[in-house]
Amino acid sequence: QQQVKQSPQSLIVQKGGIPIINCAYENTAFDYFPWYQQFPGKGPALLIAIRPDVSEKKEGRFTISFNKSAKQFSLHIMDSQPGDSATYFCAASMMSSARQLTFGSGTQLTVLP
Amino acid sequence: EAQVTQNPRYLITVTGKKLTVTCSQNMNHEYMSWYRQDPGLGLRQIYYSMNVEVTDKGDVPEGYKVSRKEKRNFPLILESPSPNQTSLYFCASSRQGDGELFFGEGSRLTVL
């Protein structure tokens, strides 16, 4: 049972574009929604995270939008750069716990120069 | 430097030959976990440990064993590997109760 559904599977944008990656969850007990970024040959690393008491969070060029009623959240990358090319995973957990972290299937982003 | 170290990074083995993937972290984290990454399936948790001598099954524990005798180490054991365990494996650690996971660089395992 996939508790966090992520789309699209892959995404190609031109430099400067705004790629958007979407995730939907089913479990209303989830209360922590991180995004992880993974470069080839490396392990995932925390990029940005949000809790359901806010609808948006920005860190630099990365923004999470959160819609609690729709049980959806998305990652937007402003002014995307070739260095942003990576695989992005959304995730969700209960009680802000790493133990309960459930990952989406991943989105491979390519930013063309 | 804070890190999670896995070994080996690459391994090719044959069906039934026991192997161990080691994982060590130097951040004094209580929580450690193993994930496998497969195309289209994302990261799936195999086992996790809340502290020394405390381990529990994740979503896909079949065919794997773990132990946590020391806080810094959390080895993953495949007693009798099978081809369906061919995958990319990640060890991760976290402070207790903190949602941020720190991952190792991965161990790519091929079982023939």
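As a reminder, the structure under discussion sits directly above these lines.
Residues numbered from 1 in each chain as written. Chains lettered and ligands numbered in written order. Predicted model: local features only at pLDDT ≥ 70, side-chain atom pairs only at ≥ 80, totals over all residues. Heavy atoms only, no water.

### Considerations on the packing of aromatic side chains
According to the stated counting rule, one finds 17 aromatic pairs over all chains in the structure shown. Taking the centre distance of 5.8 Å and the plane angle of 80° together, the rings of tyrosine 36 of chain A and phenylalanine 103 of chain B count as edge-to-face. Of this pair, tyrosine 36 of chain A sits in strand β4 (residues 33-38) while phenylalanine 103 of chain B sits in strand β10 (residues 102-103), which puts the two residues in different chains. When its relative accessible area of 11% is taken as the criterion, phenylalanine 103 of chain B is described as buried. The interplanar angle of 90° and the centroid separation of 5.4 Å between the aromatic rings of phenylalanine 103 of chain A and tyrosine 35 of chain B together place this pair among those described as edge-to-face. With phenylalanine 103 of chain A in strand β10 (residues 102-103) and tyrosine 35 of chain B in strand β4 (residues 31-38), the pair connects residues from two separate chains. (Phe/Tyr/Trp six-rings, centres within 6.5 Å; stacked < 30°, edge-to-face > 60°. Helix = DSSP H or I, 4+ residues; strand = E, 2+ residues; numbered from the N terminus. Buried < 20%, exposed > 50% of the residue type's maximum accessible area, 1.4 Å probe, protein only.)

### A few points about the interface of chain B and chain A
Between chain B and chain A, the contact holds 21 residues from the first and 17 residues from the second. Here chain B and chain A share an interface that buries about 1500 Å² over both sides, 55% of which is from carbon and sulfur atoms. At the boundary of chain B and chain A, one finds 1 salt bridge. Inspection of the region where chain B meets chain A yields 4 residue pairs in polar contact (both at pLDDT 80 or more). Elements supplying a minimum of two residues to the side of chain B that touches chain A: β4, β5 (42-51) and β9 (87-94) of chain B. Taken together, the residues that form the side of chain B that touches chain A break down as 9 nonpolar, 8 polar and 4 charged. (Contact = heavy atoms within 4.5 Å. Buried area = accessible area lost by both parts, 1.4 Å probe. Salt bridge = Lys/Arg side-chain N within 4 Å of Asp/Glu carboxyl O. Polar contact = N/O pair within 3.5 Å; in protein donor to acceptor, adjacent residues only side chain to side chain. Nonpolar A, V, L, I, M, F, W, Y, C, P; charged D, E, K, R; others polar.)

### Re the sheet that holds strand β1 (residues 4-7) of chain B
Within a sheet, each strand pairs with its neighbour through backbone hydrogen bonds, oriented either parallel or antiparallel. Residue and element names in this part refer to chain B. Read across the open sheet, the 4 strands follow the order β1-β3-β8-β7; overall the sheet is antiparallel. Here the strands that pair on one side only, and so sit at the sheet edges, are β1 and β7 (65-66). Pairing of β1 with strand β3 (residues 19-25) involves 4 bridges; the strand directions are antiparallel. Among the inter-strand pairings, glutamine 6 is bridged to a residue of β3, identified as cysteine 23. (Pairing = 2+ DSSP bridges.)

### As for the environment of tyrosine 89 of chain B
Structurally, tyrosine 89 of chain B can be placed in strand β9. Sequence separation of tyrosine 89 of chain B and valine 4 of chain B is 85 residues, and the distance between their C-alpha atoms is 13 Å.

### Some details on the layout of surface pockets
By volume, the largest pocket is sized at about 600 Å³. Residue lining of the largest pocket: 33 residues in total, with Gln38 and Thr87 of chain A together with Gln37, Leu88 and Arg108 of chain B positioned closest to the centre. Put simply, the parts of the chain that give the lining of the largest pocket at least two residues each are β9 (86-92) and β11 (107-112) of chain A together with β4, β9 and β11 (107-111) of chain B. Within the lining of the largest pocket, the residues separate by chemical class into 11 nonpolar, 17 polar and 5 charged. (1 Å grid on protein atoms, 1.4 Å probe; cavity = no way out; pocket = protein on both sides within 12 Å on 5 of 7 lines; lining within 4 Å. Points joined across faces, edges and corners; volume = space filled by probe spheres on them.)

### So, the sheet that holds strand β7 (residues 62-67) of chain A
Residues and elements named next belong to chain A. Read from one edge to the other, the open sheet built from 5 strands follows the order β1-β3-β8-β7-β6, with strand pairing classed as antiparallel. Pairing within the sheet leaves two strands with one partner each, and these edge strands are β1 (4-7) and β6 (56-59). Each adjacent strand pair in this sheet contributes to an overall mean axis angle of 15°, direction not counted. As defined by bridge partners, β1 adjoins strand β3 (residues 20-25) across 4 bridges and the pair is classed as antiparallel. Looking at the pairing, valine 4 lines up with tyrosine 25 of β3. (Axes fitted to C-alpha atoms, helices over the stretch in contact; angles between N-to-C directions.)

### So, the pattern of salt bridges
Scanning the model with the defined rule gives 8 salt bridges over all chains in all. The salt bridge involving glutamate 59 of chain A is made with lysine 57 of chain A; its shortest N-O contact spans 3.6 Å. One salt bridge connects arginine 44 of chain B with aspartate 38 of chain B, and the closest N-O pair in it is separated by 2.9 Å. Classification of arginine 44 of chain B as partly exposed rests on a relative accessible area of 24%. When its relative accessible area of 11% is taken as the criterion, aspartate 38 of chain B is described as buried. Look at the salt bridges and you will find they share partners, linking Lys42 of chain A together with Arg9 and Glu105 of chain B into a network.

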